[in-house]
Amino acid sequence: MKTGICLPITATAAALLVPTPTLVAQQVVEVTARDRHIEPDFDEVYRVGVIEGETWEMFAEVKSVGFDGAGNLYVFDRSGDANSSDARIVVFDRTGAFVREFGSAGEGPGEFKDPRDILVYRDGTTVVEDNGHDAYQIFDPSGMFVRMVRMAETDSKLVVLTDVFADPRGGAVYKPGHGGRAGDAPGSRPVTRLGLAGEEVDTDTVALGWLPPRGDEEIEADIQVLGGSFSLSDAFKGVALPTEFEPELLVGVMPDGGLVYSDSSAYALKITPPENPEVRRIITRPIHPEPVTESIRKGYRERRAGRRTRTDTSSVTTDQGERVPIGFSLELPEPTFFPEIPVVRALSATWEGRLWVQRRGEEPRSDGPVDILNAEGDYLGTFRTGTTKIPDAFGPDGLAAFIELDEFEVASVVVRRLPEAMC
């Protein structure tokens, strides 16, 4: 079947994802190791973003995208300057017609100071993760500012810079942790649900990913701002650096608010019910990680030679017309290595509960094939390497958005409709 309205997650899978008062035995489902290749036969619905045109259709840098329940597309467009607050959110309807845009730089409520990401709820409410304000800013479905919710004081910048995911039920976001912070369970990388109902986020741990062993190497970091300098090394104390090739904590959000995550070098997808860290199902494939050989370690050290010290210097003009330097220097320790190259590189879940899993390619850090499964562990097929990437956002009725760059690095967003079995 080529196109059509996507089917919801099956009743059996949904039942397994709903928490019950009694402990449910953990189920392990092993999927065949043999790939069944499928083609990315996606119908293009529309595309937005041009080199020259109306202001609303010219993007600087598309950082992320999202859909609401009506199929409207939200594009988070931010200036390419990493220190800039110049950002906006542009909304298009399900035909690609411009609806509205909102957001501007500034210090006040509803203005962006250092926006990092946006999340869109089913009703069109938009949440902006604003690092500069140390808050989540909430906008109603019309784009009007509603309020700010402060990040918890315990949130470190390392946590702020990790991915964030919307709870499909609304009212909260999910945040994977870096691990190793004070308060974290030993040997774990928590996934927290940040409730946004109050003035400050209400934090609840909903999953505990495995934290691989790390060394005790320290980062040396200094920053110079407006003529003064200070050390950031203390800010990194107690935070152990990940080893090279350390398995990432990859997270997807299921339609009922449960999670699917990968936390090891093996092909193992763990599924938890909403707001319950107990893993109810593990989906595996007998595709094994490759060892990190001495040849790989040697090649990596050679590429890293001379780049362990990172500096960035520039200057700004004060109100008095004086040019003052700003910048930072970062001294990285000698790398240590995880013993295996993880199989899984990326993971996402559709609105209907299909799992998209990208495996590693032939090179240690290259993208490979993309598997499609459902939450029950049924294997649906594999896209060959290079034929498609995981969409940057899934939406209702099989809609999926892909951020693309042309030969001039001009960003556009292409919305396609997925075949029924893949969404």
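Use the structure listed above.
Residues numbered from 1 in each chain as written. Predicted model: local features only at pLDDT ≥ 70, side-chain atom pairs only at ≥ 80, totals over all residues. Heavy atoms only, no water.

### Examining the packing of aromatic side chains
Under the convention used in this document: Aromatic pairing here means that ring centres of Phe, Tyr or Trp (its six-membered ring) are within 6.5 Å. Orientation follows from the plane angle: under 30 degrees is stacked, over 60 is edge-to-face, and everything else is tilted. For helices the rule is a DSSP run of H or I covering at least 4 residues; for strands it is a run of E covering at least 2, with both sets numbered from the N terminus onward. When accessible area is computed with a 1.4 Å probe and restricted to protein chains, residues below 20% of their type maximum are described as buried, those above 50% as exposed, and intermediate ones as partly exposed.
A complete count under the given rule lists 16 aromatic pairs for this structure. Geometrically, the ring pair formed by F112 and F139 is edge-to-face, given 6.0 Å between the ring centres and 70° between the ring planes. Here F112, found in the loop between β7 (98-102) and β8 (115-120), pairs with F139, found in strand β10 (residues 135-139); they are 27 residues apart in sequence, far enough to count as distant. Using a relative accessible area of 1% as the deciding quantity, one classes F112 as buried.

### Observations regarding the environment of R193
Quick reminder of the rule: Every residue pair with non-hydrogen atoms within 4.5 Å of one another is taken to be in contact. What qualifies as a polar contact is a pair of N or O atoms within 3.5 Å, subject to a donor-acceptor requirement within protein and to the restriction that residues adjacent in sequence count only when both atoms come from side chains.
With respect to the helices and strands, R193 occurs in strand β14 (residues 188-195). Of the residues examined, R193 reaches a relative accessible area of 17% and is grouped as buried. For R193 and K175, which are 18 residues apart along the polypeptide, the C-alpha to C-alpha distance reads 6.5 Å. Among residues more than four places away in sequence, those in contact with R193 are D167, R169, G170, A172, V173, Y174, D202, T203, D204, V206 and E275. There is a polar contact of 2.8 Å between the side chain of R193 and the side chain of D167.

### Regarding the nonpolar core
Keep this limit in mind: For the purposes of this section, nonpolar cores are sets of buried Ala, Val, Leu, Ile, Met, Phe, Trp, Tyr and Cys residues that join through side-chain atoms within 4.5 Å.
Within the largest apolar cluster, 31 residues are counted, with the highest numbers of intra-cluster contacts made by V65, L73, W356 and V413. For this core, the secondary structure elements donating two or more residues are β3 (43-48), β4 (62-67), β5 (73-78), β6 (87-92), β28 (367-374), β30 (393-394), β31 (399-405) and β32 (411-417). Counting residues per element, this core draws most heavily on β31, which supplies five residues. Once you skip the residues sitting within four places of it in the chain, V413 turns out to touch Y46, R47, V48, F59, V62, V65, L73, V75, A401 and F402. Core analysis: the second largest hydrophobic core is formed by 18 residues, L250, M254, V260 and Y267 among them.

### Digging into the pattern of salt bridges
Filter applied, for reference: Between Lys or Arg on one side and Asp or Glu on the other, a salt bridge is scored when a side-chain nitrogen of the former is within 4 Å of a carboxyl oxygen of the latter.
Using the criterion set out here, one finds 29 salt bridges in the structure. Here E101 makes a salt bridge to R88, at a shortest N to O gap of 3.1 Å. In this pair, E101 sits in strand β7 while R88 sits in strand β6, placing the two residues 13 residues apart along the sequence. Using a relative accessible area of 37% as the deciding quantity, one classes E101 as partly exposed. The salt bridge partner of R297 is E294, with a shortest N-O separation of 3.1 Å. Residue R297 and its partner E294 are both found in helix α3 (residues 294-304); the two are separated by three residues, about one turn of the helix.

### Re unusual backbone geometry
Within the chain, E275 stands out as a residue other than glycine whose phi angle is a positive 55°. Looking at the element boundaries, E275 is found in the loop between β20 (268-272) and β21 (281-284). E275 gets classed as partly exposed once you look at its relative accessible area, which sits at 39%. Although it is not a glycine, D397 sits at a positive phi angle of roughly 55°. Along the chain, D397 turns up in the loop between β30 and β31.

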